[in-house]
Amino acid sequence: MGTRVGTYSPVWVTGDKTIDFTLKPTGKYVARTADERLHVPVKLLWHKGGVFLLKEMIEAALDSRIGQVHCTEEPSEEDLIAYGSGFNHSFAVLRDYPLGSHERSRMRDRHIPENGYPNTIHRISEYLGFRSISIESKPPAGLNFTTPVGSYPKVIVIDDANLGFRESTANWHGIIPDENSSREHPWILLKMSFDILKGDLWNELKSRLENEDDWLRSRLIIQTSVARLRDLDVEISKNLSWERSIYDTLDEIDNNKKLEHLKKCPWLIVSFGPSGALLVKRNDTKMQWRLICNRELMEGEWAARNKNGMMFGYGSALCASLARELTLKDEPNLARAVRSGLVAMQRLYDEGFLIAGKELKSPSRIFRGFDLLHQQLSATNWRTAHDRVKCPPLLRSSRRASLELHEDTLPRIAREGVTALKKALPRIPVATFGNLITVDREEIEDLHAIYNLVDNYCGDGSVSLGSKPLAIAVFGAPGAGKGYAIEQLTKQWHDEDVIKSASFNLSQFSSPLELVGALHQVRDIALEGKVPLVLWDEFDSPVGARGQLGWLRYFLGPIQDGRFQQAEKTHLIGPSIFVFAGGTSSSFQEFSQKAEKARKELKAVDFLSRVRGYINIADVNAPKDSIPNSALMLRRALVLNSLFGKHSIARRKVDGYIVDDGIVHAFLAIPEFKHGVRSMEAIVQMCRRKEGQPFDRSSLASQDQLNLHVDGQGFLDIVRAHENRSSRN
């Protein structure tokens, strides 16, 4: 409905008009044969899209607290026909989904009682396609935007999806004041959702941005998504780290001609989905930016965790939060609005659609209240453009940096894990894979790169039997936890029964003939319908007379062809993931140097050419003859937290695992663990305690036993020194 005559409308909304249709099966979801097709009745529902959906969401965000939203008249149900109505239409299938574990967890966080949980949630299961307005079709009469007489808005919102609105100047002339307008200048919020930075509307706006005297140079806000920027073939990485994505985006805006006009925009908001958004502001002298994000979930990871159906309207939810802030505040805080918009996007998924008669409605309560979703989002301070290449020390590498931390912070993180980490260091990057937590930017990007490779290879479980193996490599110091990192990285697919692990230590093979037997075991797993995840440990160890790197040549055929030879027979391996764990090289760079210098008959360079990704696992030991700095101690604290959980140390709900202060400090401060993470775990395992009991100093192993893994005397001295300080305090 339009605005009543005489009612003040602080927000005007115009743009592309879309009405969506969904089919909801009400019986069996699948007709297996033509004879069964009449046994699958469906219900046809319509849903507001485009400018109609945006207007509805802005009204929900404003919650009727100030005036009304003025928009194009909405069509009547008589006008809603799938063909010939004069509207753009999308078509989809709706179904009911059971409440998932992530949705239940978020409802608990919002203190919703379990008896208030819905049994099922309506979401889209399949998108069928889109139909734009045909030349023959015309919108119903009277549904164009009409400018209220004598009324001027605070905010003008335009929904541009390249569905016709942008190509006719009549659609915005008289709505957007011209450069010489003497009336109060409104905010112009342009939501660009498809085929961006094109058309007559954009050409006019960018022309006005060139005029230094035009008020639009301070009042235009562009909202789009990183996916739409990537549509322009710009180089913006995906799912490596937040820092890398932001650096790439800013660099492309600065240097790519396809985006050069964005440099003139006073405000730009780039959404990375419900996980985060980049906010950029610019004046004549400098560009500044802020990142608002969930540090633990990259753009694709939120969707990967929430796979029970799909929703549309995420961009409109973010836009509505921005419009609300611009309307209600004389000095709007757009970072706050972006945070609220990201929360609304996540709630949109949790709530699902509502069915009201023949209409499918988006939920209205997604903009209400403050809950833990807000607390999961963090924001950087405003940074100038050149700061994007000056990452905070921990983002460069926790292996080389130091941090200023309160002395109680690291022990608290060791006991409480990521909860304490977020409180103590709210702006550092965090990546969580299963029980593996890392704050090292290099490691985060390596892990995300491998995660993406595995997800593309078998993430949906539909890899074909004839697929060739995916080869990746993992390096680190002995005992760094290479196998554990791969196990946690792929935990999601293990839990979904897509992947099954196998492990072989090549240093224990006496001849290459034993490799044939191992490959038969790999093949057997593939024949079970699962993807083998095969850890080839110490693959760079010597073999027979060929010496160091002698195993590499035997993997060339299996990786390249997906087959192996046994006497005169050739066997298909099937889909598999080969993980090559280094035993003599602590990094991929070190291994590469060895490969390039190796004898040609070893085929080391050929092997390298078949590897699709690698991870360097950071060490838990300080460089020789030095003591651990605070960043390295933070890494140890996170490893400790994982080990305490793995070995069932007693735990309090509030303070985490019950471990003696002196023991925690000794783990953090001892200069060296002789076998890396393996030694840390051994000390926990060697303690004299039963499952579920605290870890106190009386349960520590003897000095002689500790000497197997650390300097036993030094470890105990730290434990006792902490005890003496505590007693004095």
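Here we take up empty space enclosed by the protein. Here the structure, examined in full by the defined rule, presents 3 cavities of 30 Å³ or more. Roughly 50 Å³ of internal volume is contained in the second largest cavity. Every residue lining the second largest cavity is listed: S241, W242, E243, R295, M298, P429, V430, A431, I444 and H448. Residues of the lining of the second largest cavity, tallied by class, amount to 6 nonpolar, 2 polar and 2 charged.

Attention now moves to the side chain of D446. Locating D446 in the fold gives a position in helix α14 (residues 441–458). D446 has contacts with Y614, I615 and N616, leaving out every residue within four places of it along the chain.

The relative placement of two packed helices is expressed as an angle between their axes plus a distance between the axes. At their nearest, the axes of helix α21 (residues 630–646) and helix α22 (residues 661–669) sit 8 Å apart, and the two run at 125° to each other. Our classification of the angle between α21 and α22 gives oblique. The two elements α21 and α22 cross, and the hand of that crossing is right-handed. Facing α21, whose interface residues are M633, R636, A637 and L640, α22 presents V664, F667, L668 and A669. Tallied by class, residues from the contact of α21 with α22 come to 7 nonpolar, no polar and 1 charged.

Along the chain, the position of L716 falls in helix α25 (residues 712–728). The buried category is assigned to L716, whose relative accessible area is 11%. Taking the C-alpha atoms as reference points, L716 and R697, 19 residues apart in sequence, are found 9.2 Å from one another. Dropping the residues within four chain positions of it, L716 is found in contact with L700, Q703 and L706.

Read from one edge of the open sheet, 5 strands run β20-β21-β24-β19-β25, paired in parallel fashion. Looking at which strands have only one partner, the edges of the open sheet turn out to be β20 (499–505) and β25 (613–616). Within this sheet the neighbouring strands show an average axis-to-axis angle of 20°, counted without direction. In the packing of α14 onto the sheet, the strands contacted are β19 (470–475), β20, β21 (531–537), β24 (577–581) and β25, and the crossing angle to β25 comes to about 145°. Relative to β19, helix α15 (residues 482–489) is tilted by about 135°, and along the sheet it contacts β19, β21, β24 and β25.

The next subject is the pairing of strand β5 (residues 89–98). In terms of burial, β5 is largely enclosed, as 7 of its 10 residues are buried. Both strand β2 (residues 17–25) and β5 contribute to a ladder of 3 bridges, which runs parallel. Note on β5: the bridge partner recorded for T22 is A92.

Moving on: helix α6 (residues 242–255). Its 14 residues give α6 an end-to-end C-alpha distance of 20 Å, which sits within 8% of 20 Å, the value for a rise of 1.5 Å per residue. All of the buried residues along α6 are W242, E243, S245, I246, D248, T249, L250, E252 and I253.

To continue, consider the nonpolar core. Among soluble globular proteins, nonpolar side chains are generally buried collectively. Ranked by size, the top nonpolar core spans 61 residues in total, and within it V13, I58 and V157 carry the most contacts. When near neighbours in sequence (up to four residues on either side) are disregarded, I58 contacts V11, V13, V69, V157, A320 and A323.

A grouping of L23, V42, L44 and L128 is seen on the molecular surface, where their side chains present a nonpolar patch of about 340 Å² in accessible area. As for its position among the elements, L44 is in strand β3 (residues 42–49).

Thresholds, definitions, all that
- Residues numbered from 1 in each chain as written.
- Predicted model: local features only at pLDDT ≥ 70, side-chain atom pairs only at ≥ 80, totals over all residues.
- Heavy atoms only, no water.
- 1 Å grid on protein atoms, 1.4 Å probe; cavity = no way out; pocket = protein on both sides within 12 Å on 5 of 7 lines; lining within 4 Å.
- Points joined across faces, edges and corners; volume = space filled by probe spheres on them.
- Nonpolar A, V, L, I, M, F, W, Y, C, P; charged D, E, K, R; others polar.
- Helix = DSSP H or I, 4+ residues; strand = E, 2+ residues; numbered from the N terminus.
- Contact = heavy atoms within 4.5 Å.
- Axes fitted to C-alpha atoms, helices over the stretch in contact; angles between N-to-C directions.
- Parallel < 35°, antiparallel > 145°, perpendicular 65-115°, else oblique.
- Left-handed = near helix turned anticlockwise from the far one by under 90°.
- Buried < 20%, exposed > 50% of the residue type's maximum accessible area, 1.4 Å probe, protein only.
- Pairing = 2+ DSSP bridges.
- Expected span 1.5 Å × (residues − 1).
- Core = buried A, V, L, I, M, F, W, Y, C linked by side-chain atoms within 4.5 Å.
- Patch = residues over 30% accessible without salt bridge, like charges linked within 9 Å, V, L, I, M, F, W, Y side chains within 5 Å.
- Areas by Shrake-Rupley, 256 points an atom, 1.4 Å probe, with all protein chains shown as cover.
- Salt bridge = Lys/Arg side-chain N within 4 Å of Asp/Glu carboxyl O.

Read these as geometric descriptors, not functional statements.
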